Amino acid sequence: MHYSPALLHIPDGFLSLIVSLICWAITAVVLAMAVSRSNKALGEKQVPLMGIMAAFIFAAQMLNFPVAGGTSGHLLGGALAAITLGPWAGMLVMTAVIAVQALLFQDGGLLVMGANILNMGLVKLAVAGVAAWISVMAGALFTALQLWVSGTSQLQVVIPAMLGVHALIGIGEAAITVAALAFILQTRPDLLNEKSTAAQGSRGWVVAGVVISLVVVLLSPLASAFPDGLNRVAEDLGFIHTAQSGSGPLAGYSVPFFADASFSKIAAGTIGALVVLGLSILAGRSLQKKT
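Please read all numbers here as calculations on a predicted model, not as lab measurements.

The rules we used
Residues numbered from 1 in each chain as written. Predicted model: local features only at pLDDT ≥ 70, side-chain atom pairs only at ≥ 80, totals over all residues. Heavy atoms only, no water. Axes fitted to C-alpha atoms, helices over the stretch in contact; angles between N-to-C directions. Helix = DSSP H or I, 4+ residues; strand = E, 2+ residues; numbered from the N terminus. Parallel < 35°, antiparallel > 145°, perpendicular 65-115°, else oblique. Left-handed = near helix turned anticlockwise from the far one by under 90°. Contact = heavy atoms within 4.5 Å. Nonpolar A, V, L, I, M, F, W, Y, C, P; charged D, E, K, R; others polar. Phe/Tyr/Trp six-rings, centres within 6.5 Å; stacked < 30°, edge-to-face > 60°. Buried < 20%, exposed > 50% of the residue type's maximum accessible area, 1.4 Å probe, protein only. Salt bridge = Lys/Arg side-chain N within 4 Å of Asp/Glu carboxyl O.

### Re the packing of helix α3 (residues 78-85) against helix α4 (residues 87-105)
Logical step 1: The geometry of α3 relative to α4 is characterised by a closest axis approach of 7 Å and an angle of 140 degrees between their N-to-C directions. Classified by the angle their axes make, α3 and α4 are oblique. Seen along the crossing, α3 lies across α4 with a hand that is right-handed. Residue-level inspection shows G78, A81, A82 and L85 of α3 in contact with α4, the latter providing P87, A89, G90, V93 and M94.
Logical step 2: Here the residues of the contact of α3 with α4 sort into seven nonpolar, two polar and no charged.

### With respect to the packing of aromatic side chains
Logical step 1: Scanning the model with the defined rule gives six aromatic pairs in all.
Logical step 2: The interplanar angle of 45 degrees and the centroid separation of 5.4 Å between the aromatic rings of F58 and F105 together place this pair among those described as tilted. Here the residue F58 occupies a position in helix α2 (residues 46-60), and F105 occupies one in helix α4, the gap between them amounting to 47 residues.
Logical step 3: Residue F58 is classed as buried on the basis of its relative accessible area, which comes to 0%.
Logical step 4: Judged by centre distance (4.8 Å) and plane angle (65 degrees), the rings of F257 and F258 are edge-to-face.
Logical step 5: Residue F257 is classed as exposed on the basis of its relative accessible area, which comes to 66%.
Logical step 6: Every member of this aromatic cluster is reached through a ring pair, and the members are F58, F105 and Y253.

### Considering the pattern of salt bridges
Note on pairing: side chains with opposite charge can pair once their charged atoms come close.
Logical step 1: For the coordinates displayed, the defined rule picks out two salt bridges.
Logical step 2: Between R232 and E235 there is a salt bridge whose closest N-O contact spans 3.4 Å. In this pair, R232 and E235 are both assigned in helix α9 (residues 229-237), three residues apart and thus about one turn of the helix distant.
Logical step 3: On the basis of relative accessible area, E235 is assigned to the partly exposed category, the value being 28%.
Logical step 4: Note that R232 and D236 form a salt bridge whose closest N and O atoms lie 3.9 Å from each other. Taken together, the residues span about one helical turn, with R232 and D236 both in helix α9 at a distance of four residues.
Logical step 5: Classification of D236 as exposed rests on a relative accessible area of 55%.
Logical step 6: A cluster of three or more residues bridged by salt bridges with shared partners is formed by R232, E235 and D236.

So this is what it looks like as structure tokens:
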């Protein structure tokens, strides 16, 4: 069975229709708030940073690292996006990443996309100020509750299973988040200053951000082949068969006409990173505060 790189991307079939629709409703309300607040507060420097952060998070999510028990994890990025961009713009970046993953790569279902945005973007961003580790645990907890309400698994079984494996994955999330923030503080600390609107030298760090994201994509064939946290729990608890696979132009993070698997994955990742980069910058410019 193919395992997608995404850690908490719920496939169609895991959640009931009612739970999926409720999650879409909550997500729509919160995203409307994010659009409204971003429209009032988005500064000049945040627009290109939104694109760079989206591209980096997309690329980093392709790099699964092994954890205990033959399971893998990877950066989720919600805490990193919230700290660097603020919660509202961070929500929009995570939404762009998750939407592209679902629509182009069939990474996560379309019906449950609202739940995936809620778990990996909105819920996790709400606790980003506490710790990146807690953000992973929060997303895992909400996923477990959605699986329980959907009748996919029993509450007393799925919660300890999900929290147990993601407690380890959260350590990797925290390490990558701290490393990325340390890099930004060393190179462009003004980007983390909400009062700063300076855009001098922006072209250089934008190019650097794109290059870093593409380098991360180049490393994607080296990612762990172990199933991610959600897939491991689904296998262990016996509901992996309920997952419904769909189709997408780049499903499985591969370009169909490339024979070499590694090159195909790199090409697909490059396309995805550039798409989320463009969408995030476009969204940022459309919402940017008019002066």
